[in-house]
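Spelled out, the chains give:
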Amino acid sequence: MAKSGLLWIGRALVLLQLLNGVLGWGKEGHYAVCKIAEGYLTEEAMAAVKELLPDSAEGELASVCSWADEVRFRKRWTSPLHYLNTPEVCNYDYSRDCKDSKGREGRCVTGAINNYTTQLQFFNQEPEFNLTEALMFLSHFMGDVHQPLHCGFAGDEGGNTIIVRWFRRKTNLHHIWDDMIIETAMKDFYNSDLTVMIESIKRSIEDDWANEISRWERCGFNKTVCPDTYASESISLACDFSYKDVEQGITLGDDYFLSRLPVVEKRLAQGGIRLAATLNRLFASQFKIAQA
């Protein structure tokens, strides 16, 4: 094959990685967030979730938590809803950061979480919304907002344009946080079994982070969901861990992996606990309305 052809293929592969890298946690990450959430749902919330899930889910919320990525290129209007960008600063401001490329406010991951939570408040009524899709979008975006680089810098598109090597593999920084830290952990520590990894995170929730659960679940001012808090945490973590000591072309290996894996696992745990807490608040109030 001619050298020009090889160069074209190389560029195409990098571009494909960039496109894949904007999707949020990979399937494993989104499955983990929702599987953790399932274990903390109340009976009322679980009943409502099962009522809303599509038949294809067979009663398992985790099985549809990557749906929003799967339909992204068919429902192109949803693309800006998976993330938000800050102007190279390590803090988040809704009015400044939650806009799409055309400047429309609310078109970001925190705005989407607020929107789909509001839609689900019409459960047990006759809404104009598709509540099955609202549940699947909310569950997915709650995962996205906990991935630090989904609240990253506009200048590098949340790490998508920072090309690095993950051990020997060429990729971008965003893709490392979406997929590759999780994939490496599964291979090195969990016998390539996602279920084993999820069970390990669950044990950490009950043992190491037990004193933090109530704070993770809490949402001030009687709100149902608090995505601004989650986004603020993510951009702070992006600055302290995702971007730290990273530059174009660098090779990231064991030091980066072992120091960042605890951050990834804790964010998966927090995403799951907070998704469950949000659904519990939503559907507890709706069952009371239905019984009134």
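As a starting point, this report considers the structure included with it. (Residues numbered from 1 in each chain as written. Predicted model: local features only at pLDDT ≥ 70, side-chain atom pairs only at ≥ 80, totals over all residues. Heavy atoms only, no water.)

1. Notes on the overall build of the protein chain
No. 1: Assigned secondary structure in the protein chain consists of 12 helices and 3 strands.
No. 2: Of all 292 residues assigned to the protein chain, the portion counted as buried reaches 53%.
No. 3: Pairs at least 24 apart in sequence give 74% of the contacts found in the protein chain among residues at least 6 apart.
No. 4: Counting only carbon and sulfur atoms, one obtains 50% of the accessible surface of the protein chain, whose full area is about 13900 Å². (Helix = DSSP H or I, 4+ residues; strand = E, 2+ residues; numbered from the N terminus. Buried < 20%, exposed > 50% of the residue type's maximum accessible area, 1.4 Å probe, protein only. Contact = heavy atoms within 4.5 Å. Areas by Shrake-Rupley, 256 points an atom, 1.4 Å probe, with all protein chains shown as cover.)

2. Description of the layout of surface pockets
No. 1: In this structure, the largest pocket spans a volume of roughly 510 Å³.
No. 2: If you trace the largest pocket, you find 22 residues lining it, with Pro80, Tyr83, Asn85, Asp100 and Ser101 closest to the centre.
No. 3: By residue class, the composition of the lining of the largest pocket is 6 nonpolar, 7 polar and 9 charged. (1 Å grid on protein atoms, 1.4 Å probe; cavity = no way out; pocket = protein on both sides within 12 Å on 5 of 7 lines; lining within 4 Å. Points joined across faces, edges and corners; volume = space filled by probe spheres on them. Nonpolar A, V, L, I, M, F, W, Y, C, P; charged D, E, K, R; others polar.)

3. Some points on unusual backbone geometry
No. 1: For Phe167, which is not a glycine, the phi torsion comes out positive at approximately 60°.
No. 2: Take Phe167: its relative accessible area is 31%, and that puts it in the partly exposed class.
No. 3: Phi at Asn222 is positive, roughly 60°, even though this residue is not glycine.
No. 4: Relative to the assigned elements, Asn222 resides in the loop between helix 10 (213-217) and helix 11 (227-242).

4. Focus on the nonpolar core
No. 1: Counting 88 residues, the largest nonpolar core has Leu61, Leu120, Leu173, Ile176, Trp177, Leu279 and Phe283 as its most contacted members.
No. 2: Here the element with the most residues in this core is helix 12 (residues 254-291); it accounts for 13 residues.
No. 3: Those residues in contact with Phe283 that lie beyond four places of it in its chain are Glu44, Ala45, Ala48, Val49, Leu52, Leu120 and Phe123. (Core = buried A, V, L, I, M, F, W, Y, C linked by side-chain atoms within 4.5 Å.)

5. Regarding the packing of helix 2 (residues 27-38) against helix 8 (residues 173-189)
No. 1: Direction vectors running N to C along helix 2 and helix 8 enclose 80°, while the axes themselves pass 8 Å from each other. Between helix 2 and helix 8, the interaxial angle falls into the category roughly perpendicular. Residues Lys27, Glu28 and Gly29 of helix 2 form the contact with helix 8, whose own contacting residues are Asp179, Ile182 and Met186.
No. 2: For the contact of helix 2 with helix 8, the per-class residue count stands at 2 nonpolar, 1 polar and 3 charged. (Axes fitted to C-alpha atoms, helices over the stretch in contact; angles between N-to-C directions. Parallel < 35°, antiparallel > 145°, perpendicular 65-115°, else oblique.)

6. Description of the packing of aromatic side chains
No. 1: Going through the model one piece at a time under the given rule, you end up with 15 aromatic pairs.
No. 2: One aromatic cluster is present, formed by Trp166, Phe167, Trp177, Phe189, Tyr190, Tyr256 and Phe257 through successive ring pairs. (Phe/Tyr/Trp six-rings, centres within 6.5 Å; stacked < 30°, edge-to-face > 60°.)

7. A closer look at the sheet that holds strand 2 (residues 169-172)
By way of backbone hydrogen bonds, the strands of a sheet pair with one another, either parallel or antiparallel.
No. 1: The 3 strands are arranged 2-1-3 in an open sheet whose pairing can be described as mixed. Each edge of the open sheet is held by one strand with a lone partner, namely strand 2 and strand 3 (251-252).
No. 2: Sheet topology places strand 1 (residues 163-166) next to strand 2; 4 bridges connect them, and they run antiparallel. By the bridge assignment, Ile163 is partnered in strand 2 with Asn172. (Pairing = 2+ DSSP bridges.)

8. Notes on the environment of Glu247
No. 1: Looking at the secondary structure, you find Glu247 in the loop between helix 11 and strand 3.
No. 2: By relative accessible area, which is 55% here, Glu247 ends up exposed.
No. 3: Along the chain, Glu247 and Val164 lie 83 residues apart, while their C-alpha atoms are 7.7 Å from each other.
No. 4: Setting aside residues no more than four positions away along its own chain, Glu247 makes contact with Ile162 and Val164.

9. Comments concerning the pattern of salt bridges
For side chains of opposite charge, pairing can occur when their charged atoms come near one another.
No. 1: Applying the stated rule across the entire model yields 12 salt bridges.
No. 2: For the salt bridge of Arg96 with Asp97, the shortest nitrogen-to-oxygen distance reads 2.6 Å.
No. 3: The exposure class assigned to Asp97 is buried, which follows from its relative accessible area of 4%.
No. 4: A network of salt bridges, in which partner residues are shared, links Lys35, Glu38 and Glu60. (Salt bridge = Lys/Arg side-chain N within 4 Å of Asp/Glu carboxyl O.)

10. Looking at helix 2
Residues spaced three or four apart along an α-helix face the same direction, because each turn holds 3.6 residues.
No. 1: Taking 1.5 Å per residue as the helical rise, helix 2 with its 12 residues ought to reach 16 Å, and the 16 Å between its terminal C-alpha atoms agrees with that figure.
No. 2: Among the 12 residues in helix 2, 9 count as buried, and that is most of the element.
No. 3: Taken as a whole, helix 2 has its buried residues at Gly29, His30, Ala32, Val33, Cys34, Lys35, Ile36, Ala37 and Glu38. (Expected span 1.5 Å × (residues − 1).)

So, to be careful, I would describe these as geometric facts and stop short of saying anything about function.
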